[in-house]
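Understanding the architecture of this molecule
Below, each chain spelled out in residue letters.
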Amino acid sequence: MSAPLAVEAHDLERVYASGTATVAALAGVTLAVRSGEFVAVMGPSGSGKSTLLNVIAGLERPTGGTIRVGGEDLTKLDEQALARHRSKRVGMVFQAFNLLPRYRVVENVALPLAFAGTGRALRLAKARALLERLGMSARAEHRTNELSGGELQRAAIARALVSDPAILLADEPTGNLDSANGAALIALFKELHAQGQTVLLVTHDATIAAHAERTVRMRDGRMVD
Amino acid sequence: MRPSDLVAMSLGNYTRARLRSALTTAGVAIGTALVVLLIALATGAEDNVRRSIFSIGDLRLVSVQPFQPGASGLSAVPRTITDDTVSQFKRIAHVEGVFRQFDAPLGTVVEGGEDATIRPQGIEPGAPVDRGDLIAGRHLAAGDRAVAIVPGNIARLIAPSAGGAVGKRVTMRIGGAVKLGSTRIGGSGTPRDYAVTVVGVFDEQASQTSMRIPLEDALAAGAENRGLTPDALRQGTGYSGVAIEADDSQNVADIVKAVQELGFSSFSLKQVVEQIDQGFGVFRGILAGIGGVALLVAAIGIANTMVMSVLERTREIGIMKAVGAAPGDIRTLFLAEAAYVGVFGGVLGLALGVGGGQLIERIIRNLNPRANPAPIFVVGPDLALGALALALVVALVAGFLPARRAMRMSALTALRYE
Ligand SMILES: Nc1ncnc2c1ncn2[C@@H]1O[C@H](COP(=O)(O)OP(=O)(O)O)[C@@H](O)[C@H]1O
Ligand SMILES: [Mg+2]
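Keep in mind the model is a prediction, meaning the values are calculated, not measured.

**So, the site of ligand 1**
Near ligand 1, the surroundings consist of Tyr16, Val23, Ala25, Pro44, Ser45, Gly46, Ser47, Gly48, Lys49, Ser50 and Thr51 of chain A together with Arg416 of chain B. The environment around ligand 1 is built from residues contributed by chains A and B. Taking threonine 51 of chain A, its side chain carries an N or O atom lying 2.5 Å from an oxygen atom of ligand 1. The protein chains hide 65% of the 560 Å² of surface that ligand 1 would expose on its own. With 3 residues, helix α1 (residues 49-57) of chain A is the largest single contributor of residues to the shell around ligand 1. In terms of residue class, the shell around ligand 1 is made up of 4 nonpolar, 6 polar and 2 charged.

What follows is the structure, encoded as structure tokens:
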């Protein structure tokens, strides 16, 4: 008896209808990610990488196939339950950081816990601890506009991890960073993975994908190889 | 999401767009103030009218007139109130007392000269007219004969002070010509003089031209004036009126109906008050409607602000949803933001309405120091709470659609919004 797979996608489809034409962002993707794995998803622009990640994150509903995350069938969840899935089971890191500029860094990191119902003192303490672990203590009380790109992305990772998610999802997290900051960030992912964190990372950069345990490739909404 | 976080977060949103929130709140405040001011005005007017009515008399009273029901003015058809009628009135349910009254012919208190023209009203002891309005002396008592309770203005014609008249023996001349103001009235029958002792003086606000004497005396004088016996007068002419006292003002309508069924017209303040209440209900409704239009405009302002707020924070909504905000959290956040507009606008508007009312009142009093001292604007606790609740409800209703829009927004679409 094995533990449930972190991610289990079967013939996953996501079709967009734009007018008369339809675009299949996902045209039958099958993917399994074991708990504790560090997997990179590679592929050219438009191949469906973001869509796949968004489906796993519960931000997007598939139009076909099945998707299980931590054993839970996401297609069976209503909006409320999907919100809980995003809040508890997955942590998402975006290329565009997506931090709220009007809150301090520590408040941004603590935000997911606010929606999960954690009290203010406890969630700020957790956020500070996490920022410390990521070497961001000095920046905790700053506004986001006072941070560099690399720091913003570290803060975003801290926010993604604050709820202890089963899987960390990152969509081109180094896309807005220079190569030095990008390399530092990848080092952080490796470190997190070494501490047992499951990571699914989307990139079109082979040097970054090289740091993952395993790389899957996509093209036109399908897995290749 | 915890209520404390909800409050803090939405308050942050409310205070962030300071100017816009302030303007929207001002809109609600003005609308609320207008509603408060106008309803307070209507309430003040109604209170004022009610107070004057209550000062006229008791709501438990039904006064029966010697006319057929529906009688008014010239078309009135007389009907005689005899002792038989009186005993019928006494049998009506919820009747606590029946007091007969006979008005003797117009006359003069001789000691007061021509100015002391007076209508001697013959009443029974304890009659509603003879209650609680004494300046000096006492009310009519059982067994009294040849006594009078006179109004203050007449008493001061008899003695230097109203109180000084008590105990004085005066001559009451009944019938004959009298002078009322500048008019001379021909008068009825041969004038006759009666010696009466003033036992009480009542506040002339009740009446300046009538005095109270025992019923038997009035009947005797009236009979003599017409050359009849008092019994013939009772049977033929009948009493001038009867005051029926109900056990409770709730039962007045039933008594009025019973009196009508016996064939007599009646009058009760209670019914006047009911009509006034209805009239004021309409009046108040119209004024509230005018204020309501102002609130409606404010509501559109709130809706507009909220739509802007949702649009402006689209990305933020996307981020919140992406990190686990439930649809309900998002909706509640925006509704709470609208609620602040309602609460602050309501409180401000209430203060503005109350303060504005006091200011207007002070200005009116300064312009006309002799204006009726009763308050013009009356804000009771129900109006205050009602206004606050209304402002809140208006804000929530106005915020509902924008909040729902925020709730239903797709997280990914919102994240892509620039
Ligand atoms: N909301 C959408 N509506 C229509 N087409 C979309 C939408 N999102 C993605 N697509 C299309 O789906 C395909 C895959 O997109 P995406 O998953 O973003 O690719 P990648 O992340 O690999 O660049 C693209 O052709 C894109 O244009
Ligand atoms: Mg992409």
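**Thoughts on the pairing of strand β4 (residues 117-123) of chain B**
Residues and elements named next belong to chain B. Counting buried positions along β4 gives 6 out of 7 residues, so the element sits mostly inside the fold. By the bridge criterion, 3 bridges tie strand β2 (residues 95-103) to β4 in an arrangement that is antiparallel. Residue pairing in the sheet places phenylalanine 102 in a bridge with glycine 122 of β4. As defined by bridge partners, strand β3 (residues 107-109) adjoins β4 across 2 bridges and the pair is classed as antiparallel. Residue pairing across strands places glycine 107 opposite isoleucine 118, the latter belonging to β4. Direction of pairing for β4 relative to strand β11 (residues 210-214): parallel, over a ladder of 5 bridges.

**Let's talk about the pattern of salt bridges**
Tallied over the entire structure, the rule returns 35 salt bridges over all chains. For aspartate 5 of chain B, the salt bridge identified is with arginine 123 of chain A, shortest N-O distance 2.6 Å. Of this pair, aspartate 5 of chain B sits in helix α1 (residues 3-16) while arginine 123 of chain A sits in helix α4 (residues 120-133), on two different chains. The partner of glutamate 316 of chain B in a salt bridge is arginine 313 of chain B, with the nearest N and O atoms 3.6 Å apart. When its relative accessible area of 9% is taken as the criterion, glutamate 316 of chain B is described as buried. Salt bridges sharing partners connect three or more residues here, namely Asp83, Arg100, Glu124, Glu216, Asp231 and Arg234 of chain B.

**A short note on the sheet that holds strand β8 (residues 198-203) of chain A**
All names here are of chain A. Pairing is mixed across the open sheet formed by 6 strands, whose spatial order is β6-β7-β8-β3-β9-β10. A single partner strand is all that each edge strand has here, and the edge strands are β6 (90-93) and β10 (222-224). Shown here is a sheet whose adjacent strand axes are inclined to one another by a mean of 25°, direction ignored. Pairing of strand β9 (residues 214-219) with β10, which is carried by 3 bridges, proceeds in the antiparallel orientation. If you follow arginine 217 over to β10, its bridge partner there is valine 224. Strand contacts of α1: β3 (38-42), β6, β7 (167-171), β8, β9 and β10, with the helix running at about 150° to β7, the strand carrying the most contacts.

**Some thoughts on the packing of aromatic side chains**
Residue and element names in this part refer to chain B. The final tally for this structure, using the stated rule, is 5 aromatic pairs over all chains. Between phenylalanine 280 and phenylalanine 283, the aromatic rings sit 5.9 Å apart at their centres with planes inclined by 70°, giving edge-to-face as the arrangement. Of the two residues, phenylalanine 280 and phenylalanine 283 both sit in helix α8 (residues 269-312), 3 residues apart, roughly one turn of that helix. We classify phenylalanine 280 as buried; its relative accessible area is 12%. Ring geometry for tyrosine 340 and phenylalanine 344: centres 5.8 Å apart, planes at 20°, overall stacked. Of this pair, tyrosine 340 and phenylalanine 344 both sit in helix α10 (residues 327-367), separated by 4 residues, roughly a single helical turn. Among the aromatic side chains, those forming a connected cluster through ring pairs are Tyr14, Tyr340 and Phe344. The ring of phenylalanine 264 carries arginine 79 above its face, with NZ or CZ at 4.6 Å from the centroid. If you follow arginine 212 out to its NZ or CZ, it ends over the ring of phenylalanine 202, 3.7 Å from the centre.

**Examining helix α2 (residues 79-88) of chain A**
If you check which residues of α2 of chain A are buried, you get Ala81, Leu82, Ala83, His85, Arg86 and Ser87 of chain A. Looking at the buried side of α2 of chain A, the elements it contacts are α1, β4 (64-69), β6 and α3 (105-116) of chain A together with α9 (314-322) and α10 of chain B.

**Let's talk about the side chain of glutamate 172 of chain A**
Residues and elements named next belong to chain A. Positionally, glutamate 172 belongs in the loop between β7 and α6 (179-194). No salt bridge is formed by the buried glutamate 172; the nearest opposite charge belongs to lysine 49, separated by 4.1 Å. At 2.9 Å, the side chain of glutamate 172 and the side chain of histidine 204 are in polar contact. The contact partners of glutamate 172, leaving out residues within four places of it in the chain, are Lys49, Gln95, Val202, Thr203 and His204.

**Observations regarding the sheet that holds strand β1 (residues 7-18) of chain A**
Strand-to-strand pairing in sheets goes through backbone hydrogen bonds, with the strands running parallel or antiparallel. Residue and element names in this part refer to chain A. In space, the 4 strands of this open sheet follow the order β2-β1-β4-β5, with antiparallel pairing throughout. Each edge of the open sheet is held by one strand with a lone partner, namely β2 (21-33) and β5 (72-73). Relative to β5, β4 runs antiparallel, the two sharing 2 bridges. Directly across from valine 69, in β5, lies its bridge partner glutamate 72.

**Topic: the nonpolar core**
Membership of the largest hydrophobic core comes to 79 residues, with the highest contact counts inside it found for Ile67, Leu169 and Leu200 of chain A together with Met320 of chain B. No other element matches the 9 residues that helix α11 (residues 381-408) of chain B contributes to this core. Not counting residues up to four positions away in its chain, the partners in contact with methionine 320 of chain B are Leu100, Leu111 and Phe115 of chain A together with Met9, Ala325, Ile330 and Leu333 of chain B. In this structure, Ile154, Met172, Ile255 and Val256 of chain B belong to the second largest nonpolar core, which totals 46 residues.

**Here we look at the packing of helix α5 (residues 149-161) of chain A against α6 of chain A**
Helix-helix packing: each pair is described by the crossing angle between the helix axes and the interaxial distance. Residues and elements named next belong to chain A. Between α5 and α6, whose axes approach to 10 Å, the crossing angle comes to 20°. What the angle tells us is that α5 and α6 run roughly parallel. Here the hand of the crossing between α5 and α6 comes out right-handed. On α6, the residues touching Gly150, Gln153, Arg154, Ile157 and Leu161 of α5 are Asn181, Ala184, Leu185, Leu188, Phe189 and Leu192. Taken together, the residues that form the contact of α5 with α6 break down as 7 nonpolar, 3 polar and 1 charged.

Reading the values: the criteria
- Residues numbered from 1 in each chain as written.
- Chains lettered and ligands numbered in written order.
- Predicted model: local features only at pLDDT ≥ 70, side-chain atom pairs only at ≥ 80, totals over all residues.
- Heavy atoms only, no water.
- Near = heavy atom within 4 Å.
- Polar contact = N/O pair within 3.5 Å; in protein donor to acceptor, adjacent residues only side chain to side chain.
- Areas by Shrake-Rupley, 256 points an atom, 1.4 Å probe, with all protein chains shown as cover.
- Helix = DSSP H or I, 4+ residues; strand = E, 2+ residues; numbered from the N terminus.
- Nonpolar A, V, L, I, M, F, W, Y, C, P; charged D, E, K, R; others polar.
- Buried < 20%, exposed > 50% of the residue type's maximum accessible area, 1.4 Å probe, protein only.
- Pairing = 2+ DSSP bridges.
- Salt bridge = Lys/Arg side-chain N within 4 Å of Asp/Glu carboxyl O.
- Axes fitted to C-alpha atoms, helices over the stretch in contact; angles between N-to-C directions.
- Contact = heavy atoms within 4.5 Å.
- Phe/Tyr/Trp six-rings, centres within 6.5 Å; stacked < 30°, edge-to-face > 60°.
- Lys NZ or Arg CZ within 6 Å of the ring centre and 35° of its normal.
- Lys, Arg positive; Asp, Glu negative; His and termini not counted.
- Core = buried A, V, L, I, M, F, W, Y, C linked by side-chain atoms within 4.5 Å.
- Parallel < 35°, antiparallel > 145°, perpendicular 65-115°, else oblique.
- Left-handed = near helix turned anticlockwise from the far one by under 90°.

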